[in-house]
Amino acid sequence: MPCHMFYRKYRPQKFSEISKPNDTAESLLQQVKSGKTAHAYLFVGPRGTGKTTTARILAKALNCKKLDKNGDPCAKCESCLAIADGNYMDLIEIDAASNRGIDDIRELRERVKLAPSVGKRKIYIVDEVHMLTNEAFNALLKTLEEPPAHVTFILCTTELHKVPDTIKSRCQVCKFKRATLTQLVDRLTGIAKNEDAKISKEDLKKIANASAGGFRDADTLLQQVIEGGFSVDTLLNVGSKDDYLDFLALINDGDVTGALKKINKIYENGTDLYVWVGEFVKYLRDLLFISVGADTVFGDETEEIANSIKDQAKMLTPLKIGILIESFMKAQNSIKSAFITQLPLELAIVEACSFFDVDDQPTKENPYPKTPLALSTKTARHPEVMTKNVKPISSKKESDPEPEEVSPETGIIDFKVIEEKWCEVLTKSKDVNSSILALLKAAKVLELKGKSLLLEVNYAFHKERLESSKTRKIVEDTLNEVYGVPLKISCKVSETRPVKTGDREVGMLTDLNVVVPASPDNALNLFDGGLPLR
Ligand SMILES: [Zn+2]
């Protein structure tokens, strides 16, 4: 099978091909050479830093028929080739994000007992191991406590703190660091040369900078430049600080429409929004430094732009910049898993625009209000509706009539039950898709007629998104799971603009939309508790 993606095509196949310095690769090589490898490893590090690649090389080394004298696999024997092609029977790769339950691990425990079918050792690579449930971790622990002699486990995680200590203590922990700029530029230079592509060192540096130390992201960006014909600046929008200057000016003016349009235009141009937002956050960080009076080194900006940036910094307080950084960092984190790529960013814009003190009157140019979204919903004003201590409800058999007998005017179940268990719907949605969670959090449950649940939203684009067939199916499946009856959703856009709320409602917006009363040190809690509401 031909390799189309650069990160696969140029994936290191031996320890010696891994970009240096790399202490982990060095130490694994020594262990293979001396024949003293561990039964279980825990590979820890940010995404795209080579955990899976190294795990596969280790798998090769443990099964290679012709190791070289340094302990490096030959990359030529049938085991090495089969592993490189991804069809080696004794290498089992498991994605814990989608096989996280007790049954998956029980099945694994049964299978590890069997001897390797072709090679010397059976290798299990468990990716995203922190996603396992507690029960699954306990089951895995039992296997790690008494591992069969022919098995090596390589657990990989980006979030070490979510892995139980009992598991950690059974594994040899190997850390993977972010690649340095030099390492990335070296690698990109090699690939560009091999692809016969002419790219300036400056452009390679920009790509390396935008990849945040991840080899995979760097490779993918380079491929988009070489094969997609994008210019580096269009793709990354780095080096064009005036772009961020404009974008922030729109937010500062509370121009939601303008900011949303800008984001969608950027997205349609094929720009990687994850990278774009990352650069925007960097820009905000620069502003933060300027606003507190620290010296900032300007790059290639013209004097004109440098002055505009300084002026913009003067218009914002460090606290406001902090709020924006927090909000857009959250959006950036959600982009990769978002069903609708630009949605987390759109929600961040709506939120951010609401923090700036501007006229509340909707105008033709700017029909969107400036009030924090969540405060306008009933649930936010009446946090008791959303608390977890919901009253116990009577069992389903007593309260639920058969769906067929329901008259269209009354609900299939009591509307109170809908409200009481709404937080469960939110919690479940969070597991499924964070952008759908954001949509539901911003919606208000209005009424139930027959099987039809009516939600009120503040913006037409929310209605459109919630009613799109894919999103609707996910939401309706979740409702069915929570309420045990098939419900259909429909949305209407609120006719009244959200009312600007009084000072008494200042507080913190937490995960479940519960407004916690304001306290004098809320500003200090800002970065832990979420966004303060005006
Ligand atoms: Zn080999």
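What you are looking at is a predicted structure, and each value in this text was computed from that prediction instead of being measured.

S.K.: Whenever I open this one, the coordination of the zinc ion confuses me. Can you help?
M.R.: Note on metal geometry: ideal angles are 109.5 degrees for four donors arranged tetrahedrally and 90 or 180 degrees for six donors arranged octahedrally. The zinc ion binds to the protein through Cys-64 (SG), Cys-74 (SG), Cys-77 (SG) and Cys-80 (SG), with metal-donor distances spanning 2.3 Å. Relative to the metal, the 4 donor atoms surrounding the zinc ion lie at angles of 102 to 119 degrees, and the coordination shape comes out tetrahedral. Summarised as a motif, the one-chain spacing of the donors to the zinc ion is C-x9-C-x2-C-x2-C. Taken individually, Cys-74 and Cys-80 each receive the classification buried, so the pair is uniform in this respect.

S.K.: Whenever I open this one, the packing of helix 12 (residues 241-252) against helix 13 (residues 256-268) confuses me. Can you help?
M.R.: When two helices pack together, you describe them by how their axes are tilted relative to each other and by the distance separating the axes. Relative to each other, helix 12 and helix 13 sit at 145 degrees, their axes nearing to 8 Å. Every residue of helix 13 that contacts helix 12 at Asp-243, Asp-246, Phe-247, Leu-250 and Ile-251 is listed here: Gly-258, Ala-259, Lys-262, Ile-263 and Ile-266.

S.K.: What should I look at first to understand unusual backbone geometry in this one?
M.R.: Peptide bonds are, in most cases, trans, and in most cases residues other than glycine have a negative phi. The amide bond that connects Lys-20 to the next residue, Pro-21, takes the cis arrangement and shows omega of 0 degrees. Among the secondary structure elements, Pro-21 is positioned in the loop between helix 1 (6-9) and helix 2 (23-34). A positive phi angle is found at Glu-128, which is not glycine, with a value near 50 degrees. Mapping Glu-128 onto the fold places it in the loop between strand 3 (122-127) and helix 6 (134-145). Take Glu-128: its relative accessible area is 27%, and that puts it in the partly exposed class.

S.K.: Just checking my understanding: could you explain the nonpolar core for this structure?
M.R.: The tendency in soluble globular proteins is for nonpolar side chains to be buried side by side. Counting residues in each nonpolar core, the largest one holds 35 residues, and the members touching the most others are Phe-247, Phe-280, Leu-287, Phe-328 and Ile-349. Elements supplying a minimum of two residues to this core: helix 12, helix 13, helix 14 (273-291), helix 15 (303-315), helix 16 (318-335) and helix 17 (343-353). No other element matches helix 14, which puts 9 residues into this core. When sequence neighbours within four positions are dropped, the list of residues in contact with Leu-287 reads Leu-248, Ile-309, Gln-312, Ala-313, Leu-316 and Ile-321. Counting residues in hydrophobic clusters, the runner-up holds 29 residues, among them Ile-412, Leu-440, Leu-466 and Cys-491.

S.K.: Honestly, the sheet that holds strand 4 (residues 151-157) in this entry has me stumped. Any pointers?
M.R.: Two orientations exist for strands paired in a sheet by backbone hydrogen bonds: parallel and antiparallel. Strand order across the open sheet formed by 5 strands is 2-3-4-1-5, with parallel pairing between neighbours. On the outer flanks of this sheet lie strand 2 (91-95) and strand 5 (172-175), each paired with one strand and no other. Strand-to-strand twist in this sheet, taken as the mean axis angle between neighbours without regard to direction, amounts to 20 degrees. As paired elements, strand 1 (residues 40-44) and strand 4 share 5 bridges and run parallel to each other. Bridge pairing in strand 4 places Leu-42 opposite Leu-155. Packed on one face of the sheet, helix 6 meets strand 1 and strand 4 and runs near 140 degrees to strand 4.

S.K.: Just to check I follow, could you spell out the sheet that holds strand 7 (residues 452-457) for this structure?
M.R.: One open sheet accounts for 3 strands, arranged 6-7-8; its pairing is mixed. The two strands at the open ends of the sheet, each matched to only one other strand, are strand 6 (444-449) and strand 8 (488-493). Averaged over all pairs of adjacent strands, the angle between strand axes in this sheet comes to 25 degrees, irrespective of strand direction. Where strand 7 and strand 8 come together, 6 bridges link them in parallel fashion. Residue pairing across strands places Leu-455 opposite Cys-491, the latter belonging to strand 8. Docked against the sheet, helix 24 (residues 469-483) engages strand 7 and strand 8, running at close to 120 degrees with respect to strand 8.

Definitions and limits used
- Residues numbered from 1 in each chain as written.
- Predicted model: local features only at pLDDT ≥ 70, side-chain atom pairs only at ≥ 80, totals over all residues.
- Heavy atoms only, no water.
- Donors = N, O, S within 2.8 Å, 3.2 Å for Na, K, Ca; no water.
- Tetrahedral: all angles 85-135°; square planar, octahedral: opposite > 155°, others 65-115°.
- Buried < 20%, exposed > 50% of the residue type's maximum accessible area, 1.4 Å probe, protein only.
- Axes fitted to C-alpha atoms, helices over the stretch in contact; angles between N-to-C directions.
- Helix = DSSP H or I, 4+ residues; strand = E, 2+ residues; numbered from the N terminus.
- Contact = heavy atoms within 4.5 Å.
- Core = buried A, V, L, I, M, F, W, Y, C linked by side-chain atoms within 4.5 Å.
- Pairing = 2+ DSSP bridges.

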